[in-house]
Amino acid sequence: MPNRPSLDLSASAEATSARPYRASVVVPTLNEEKTLEALLRPLREHAEVLGLELVVSDGGSTDSTLAIALALADRVVVHDGPSRQTIAAGRNAGAAQAASPSVLLFFNADVTLPDRLGAFVDDLIHAATEEGAATCRVLVDPRYATWMERVVLETANGIYWLTNRLRIVGMGRGEVHAVRRDLFVAAGGYRDHLAAGEDFDLFKRLLRRPGARIAFLWQWTVHEDPRRYRQRGLLRTMLDWSLNAVWVAARDESRSTEWEAVR
């Protein structure tokens, strides 16, 4: 099992003395040259006004991902270990180097954020600060979505909203979520040995923290790249997610030993 980067806040707190960030955006990447700039560019343009630090945590890309990250991010963390890094370990590595002592915003590299970016980020930061963590709806852009993707993903969003609302179990998609940093550290961050289901596992453990809740911002939608659905099939992908979630809940291990990259 790979070693987890330190989540000690002391080093990061010193970095904020020169420029206090409201939140650090952590983006894990692996060969995301087709999608990364579309995510980072609007964040870069609004970062100063919104008080954001942009951190890219790269798992060893061999395309132009690193060049894009170096041009647009404040910090770039590169995995150089002998084995392939999980997305959980990548997020932990980025979080360990993030400067904001307050809130961590985790975005996957292939998502498209809402046009009203400032209001969206403000709502995420506020909800995470007040409740402990926050997430929102994830859909495929309606211009390209199939009818089945619309039905299945909106149903999943409804399930996530309900389970979080009732505190049955913390649930949400890893594509976008915000976590108060002290709570993230107290929970131990992600379990970086998990090849899949790491987002479900984190939400589950966050809800165990005293007073923590997970806000589901139904009014906001993030659009994801449908590449996995198109290559592997929507129902097969959803089944894989569900089985990994069950495995994580029951065994603290993911069913998948490696989550296949689709590019």
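Since we're looking at a predicted model, the values are computed, not measured. (Residues numbered from 1 in each chain as written. Predicted model: local features only at pLDDT ≥ 70, side-chain atom pairs only at ≥ 80, totals over all residues. Heavy atoms only, no water.)

Bringing the overall build of the chain into the picture now. When you go through the chain residue by residue, the secondary structure sums to 10 helices and 8 strands. Residues classed as buried in the chain amount to 53% of the 263 residues present. Put simply, of all contacts in the chain between residues at least 6 apart along the chain, 77% involve residues at least 24 apart. (Helix = DSSP H or I, 4+ residues; strand = E, 2+ residues; numbered from the N terminus. Buried < 20%, exposed > 50% of the residue type's maximum accessible area, 1.4 Å probe, protein only. Contact = heavy atoms within 4.5 Å.)

On the surface, Trp161, Leu162, Leu166, Ile168 and Trp218 cluster together to form a nonpolar patch covering roughly 490 Å² of accessible area. Counting through the fold element by element, Ile168 comes out in the loop between helix 6 (147-165) and strand 7 (176-180). (Patch = residues over 30% accessible without salt bridge, like charges linked within 9 Å, V, L, I, M, F, W, Y side chains within 5 Å. Areas by Shrake-Rupley, 256 points an atom, 1.4 Å probe, with all protein chains shown as cover. Salt bridge = Lys/Arg side-chain N within 4 Å of Asp/Glu carboxyl O.)

Attention now goes to the pattern of salt bridges. Scanning all chains against the criterion turns up 15 salt bridges. Two residues, Arg44 and Asp74, come together in a salt bridge whose shortest N-O distance is 3.3 Å. Here Arg44, found in helix 2 (residues 36-50), pairs with Asp74, found in the loop between helix 3 (65-72) and strand 3 (75-78); they are 30 residues apart in sequence, far enough to count as distant. Notably, a salt bridge pairs Arg191 with Asp201, separated by 3.6 Å at the nearest N-O pair. Taken together, the residues Arg191 in the loop between helix 7 (181-186) and helix 8 (198-206) and Asp201 in helix 8 connect sequence positions 10 residues apart. A single salt-bridge network, built from bridges that share partners, covers Arg191, Asp201, Lys204 and Arg205.

For any pair of aromatic rings, the description rests on two quantities: the centre-to-centre distance and the angle between the ring planes. Here the structure, examined in full by the defined rule, presents 6 aromatic pairs. Relative to Tyr190, the ring of Phe106 lies with its centre 5.5 Å away and its plane at 85°, an arrangement referred to as edge-to-face. Taken as a pair, Phe106 in strand 4 (residues 103-107) and Tyr190 in the loop between helix 7 and helix 8 lie far apart in primary sequence, 84 residues in all. Summarising the burial analysis for this pair, Phe106 and Tyr190 share the class buried. (Phe/Tyr/Trp six-rings, centres within 6.5 Å; stacked < 30°, edge-to-face > 60°.)

Further remarks concern unusual backbone geometry. For Asn31, which is not glycine, the phi torsion reads 55° and is therefore positive. Relative to the helices and strands, Asn31 is located in the loop between strand 1 (23-29) and helix 2. Relative accessible area serves as the criterion here: at 25%, Asn31 is assigned to the partly exposed category.

Looking now at the pairing of strand 7. When you tally the buried positions in strand 7, you get 4 out of 5 residues, the bulk of the element. Sheet topology places strand 4 next to strand 7; 5 bridges connect them, and they run antiparallel. If you follow Leu104 over to strand 7, its bridge partner there is Val179. (Pairing = 2+ DSSP bridges.)

Turning our attention to the pairing of strand 2 (residues 52-58). Within strand 2, 7 of the 7 residues are buried, which leaves the element mostly enclosed by the surrounding structure. The two faces of strand 2 match: Leu52, Leu54, Val56 and Asp58 on one face and Glu53, Val55 and Ser57 on the other face are all buried. Both strand 1 and strand 2 contribute to a ladder of 7 bridges, which runs parallel. Bridging across to strand 2, Val25 finds its partner in Leu54. Taken together, strand 1, helix 2 and strand 2 constitute a β-α-β crossover, and its handedness is right-handed. Here strand 2 pairs with strand 3 via 4 bridges, running parallel. Note on strand 3: the bridge partner recorded for Val55 is Arg75. (Right-handed = clockwise from strand over helix to strand, strands pointing away.)

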